[in-house]
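Here is what each chain is made of, one letter per residue.
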Amino acid sequence: MTTTRTHAAETPAANPVLRVPPAAPAEAAAYFRASLAFHADVSDVATALAAGGDPGFVVLDSRSTESWDQGHVPGAIHLPTARIPEQAGTLLDRSVPVVTYCWGPGCNGATRAALALAELGFQVKEMLGGFEYWAREGFAYETWEGSTTRDADPLTTPVGTDACGC
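Reading the values: rules and limits
- All residue numbers refer to position in the chain's written sequence, counted from 1.
- Local features are withheld for residues below a pLDDT of 70 in this predicted model, meaning they are given only at 70 or higher, and side-chain atom pairs are given and counted only at 80 or more; totals for whole chains, interfaces and linings count all residues.
- Remark: hydrogens and water are excluded; side-chain values derive from all non-hydrogen atoms of the structure.
- For helices the rule is a DSSP run of H or I covering at least 4 residues; for strands it is a run of E covering at least 2, with both sets numbered from the N terminus onward.
- For every residue, the accessible area obtained with a 1.4 Å probe (protein chains only) is divided by the maximum for its type, and the residue is called buried under 20%, exposed over 50%, and partly exposed between those limits.
- The definition of a polar contact used here is a pair of N or O atoms within 3.5 Å, where within protein one atom must be able to donate a hydrogen and the other to accept one, and adjacent residues in sequence count solely through side-chain atom pairs.
- We call a set of buried residues a nonpolar core when its members are Ala, Val, Leu, Ile, Met, Phe, Trp, Tyr or Cys and they connect through side-chain atoms within 4.5 Å of each other.
- The contact criterion used throughout is that any non-hydrogen atoms of two residues lie within 4.5 Å.
- The criterion for an aromatic pair is that two Phe, Tyr or Trp rings (for Trp, the six-membered ring) have centres within 6.5 Å, with stacked assigned to planes under 30 degrees apart, edge-to-face to planes over 60 apart and tilted to the rest.
- Look at NZ for Lys and CZ for Arg. If either is within 6 Å of the ring centre and within 35 degrees of the ring normal, a charge sits over the ring.

> I keep staring at the environment of Asn 15 and nothing clicks. Help me out?
For Asn 15, the location among the structural elements is in the segment before helix H1 (25–38). Residue class for Asn 15 comes out partly exposed when judged on its relative accessible area of 38%. Among the polar contacts listed, one links the side chain of Asn 15 to the backbone nitrogen of Val 17, at a separation of 2.8 Å.

Below you can see the structure in the form of C-alpha cells.
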C-alpha cells in the first residue's frame, strides 16, 4: 500500500487576499449596511447640499480655528472636538443628524468628534475623506479670504461629470 503525504512546503499558501476567506453573504450585507449607517462620502454630502433646501443634516468641522480658516465646507458649523461637550447642546439640534469631518483619511478627528456627539445623544455620521477629499474632488470651499475651488483630481473623481457612478 502506498500512502501519499503532503508536506506544507508542497501546498501553496493562499494568496494574501484569500488567506482569510470572505464573510458569508448575509454577514457581509450586515457589515456593509452598518458601515453606511456610520459613514457618508464627500460626493454624497456635496450632492445633498447642492440640491438646495434642507438636506436633513448639518455638517460639522471638528478641526482647529487655524484649520477652519485655511478652508472649510460652505455652511459647515465649526466646533472643535475638545469643545463638543460644552457647546454641542447650544449649537446643534439633537433631532437633526450631524455629519462630521476633519482633515482627511489620515486623521481620526472626525471619528473622535462623532463619538463625542453620539455620547451626547446626537445622530451622527462621519464624512469619509474629510476636507482633503472635499477639496480634491473640486467642490467649492471657504477660507478666511473667501470662496475658492481647486481643479478636480482625476485620481479621486471623474473629470467633467458631477457623478462618479458609484
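> I keep staring at the nonpolar core and nothing clicks. Help me out?
Nonpolar side chains tend toward joint burial in soluble globular proteins. Val 45, Val 59, Val 73, Ala 76, Tyr 101, Met 127 and Trp 134 are the most contacted members of the largest nonpolar core, which totals 16 residues. Listed by contribution, the elements that provide at least two residues to this core are helix H2 (42–50), strand E4 (98–101) and helix H6 (130–136). Dropping the residues within four chain positions of it, Val 73 is found in contact with Leu 49, Val 59, Tyr 101, Met 127, Phe 131 and Trp 134. Within the second largest apolar cluster, twelve residues are counted, among which are Val 98, Ala 113, Ala 114 and Val 124.

> Could you clarify how one ought to interpret the packing of aromatic side chains in this entry?
Aromatic rings considered in pairs are described by the distance between their centres and by the relative angle of their planes. Here the structure, examined in full by the defined rule, presents four aromatic pairs. Geometrically, the ring pair formed by Trp 103 and Phe 131 is edge-to-face, given 6.1 Å between the ring centres and 75 degrees between the ring planes. Remark: Phe 131 occurs in helix H6 and Trp 103 occurs in the loop between E4 and helix H5 (109–119); sequence separation between them is 28 residues. Looking at Phe 131, the relative accessible area reads 7%, which means it is buried. Where Trp 134 meets Phe 139, the ring centres are 5.1 Å apart and the plane angle is 45 degrees; that geometry is what we call tilted. Take Trp 134: its relative accessible area is 4%, and that puts it in the buried class. Note on Phe 139: relative accessible area 22%, which makes it partly exposed. Each residue in the set Trp 103, Phe 131 and Tyr 141 is aromatic and connected to the rest through ring pairs, giving one cluster. Above the plane of the ring of Trp 103 lies Arg 63, whose end atom (NZ or CZ) is 4.4 Å from the centre.

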